Amino acid sequence: ARSEAAPAISARALASGAEAAFLVQVGACDGESFDPVHALIKQHAWGGLLVEPLPDLFTRLQATYQGVPRLTLANVAVTDPGQKCEMLRVPPELVDSGEAPDWALGVASFFSDRTAVGGVGAAPQDYETYRNLQVRQEVTCVTLPELLASHAVKRIDYFQV
C-alpha cells in the first residue's frame, strides 16, 4: 500500500504524544491502500471516525479494522448541503482483475472534470482503458457538521481528506 510522506510525518509527531490521537479520515477506501494513517492506527491505538461512501470499499474497510477498538466507521459521503449524491468511479472489478491501474480503486468523485476518474492527471493509456467502463453509484450523503454531530465527535487531532 502506498502512503503519502508529508501527512505521515506530521502524523508520527502526533503519535509520539502521551494521549492516543483521534482522527477523522474522509475517503478511507479499504483502510490500507493509499493510506498514510493505517500503520499509526494499528501501532499507536489511534481512535477515530473513518468515512468511506462506496459500499464495496466500506465492506473492505470493515474487514481491515474488525476488532480494532476506538474506531467508528461511517458509510457516507461528506458533501455540501443539497448536493446530488452520485459518484463516478471505476468499477472495483476492473482494478481487481488488473484491467485498470491499482490507483483507480481509490478514485471516485462527484465531479468528473476534477480527478483522474474523469481523466485529469491520468496517463492517456490508463484513461482509455476505463473511460467507457466507469459507473455512477448512488451514495448516502451528509454534511461535515452532520457527520461529526451524529458520531459525537468532540475533538479532532488529525483530519485527512
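Throughout what follows, the structure given in this document is the object of discussion. (Residues numbered from 1 in each chain as written. Predicted model: local features only at pLDDT ≥ 70, side-chain atom pairs only at ≥ 80, totals over all residues. Heavy atoms only, no water.)

For the protein, the count of helices and strands is six helices and nine strands. Once local pairs closer than 6 in sequence are excluded, the contacts in the protein between residues at least 24 apart make up 70%. Summing over all exposed atoms, the protein offers an accessible surface of approximately 8,500 Å²; the carbon and sulfur share of this is 52%. (Helix = DSSP H or I, 4+ residues; strand = E, 2+ residues; numbered from the N terminus. Contact = heavy atoms within 4.5 Å. Areas by Shrake-Rupley, 256 points an atom, 1.4 Å probe, with all protein chains shown as cover.)

Moving on: the sheet that holds strand β5 (residues 86–89). Overall, antiparallel pairing links the three strands, which are arranged β6-β5-β7 in an open sheet. Pairing within the sheet leaves two strands with one partner each, and these edge strands are β6 (108–109) and β7 (135–138). Of the pairings in the sheet, the one linking β5 to β6 comprises two bridges and is antiparallel in character. In the sheet register, R89 faces β6, and the bridge partner there is A108. (Pairing = 2+ DSSP bridges.)

Evaluated as defined, the whole model comprises two aromatic pairs. Relative to F111, the ring of F110 has its centre 6.3 Å away and its plane inclined at 75°; by these criteria the two rings are edge-to-face. (Phe/Tyr/Trp six-rings, centres within 6.5 Å; stacked < 30°, edge-to-face > 60°.)

Let us look at unusual backbone geometry. If a residue is not glycine, its phi is most likely negative; likewise, a peptide bond is most likely trans. In this model, C29 sits at a positive phi of 55°, which is unusual for a non-glycine residue. When you line up the elements, C29 lands in the loop between β1 (22–26) and α2 (38–44). Look at A45: it is not a glycine, yet its phi comes out positive at around 55°.

Tallied over the full model, the rule gives one disulfide. The disulfide partner of C85 is C141, and the S-S distance across this bridge is 2.2 Å. Of this pair, C85 sits in the loop between β4 (77–78) and β5 while C141 sits in strand β8 (residues 141–142), and the two are 56 residues apart along the sequence. When its relative accessible area of 22% is taken as the criterion, C85 is described as partly exposed. (Disulfide = S-S within 2.5 Å. Buried < 20%, exposed > 50% of the residue type's maximum accessible area, 1.4 Å probe, protein only.)

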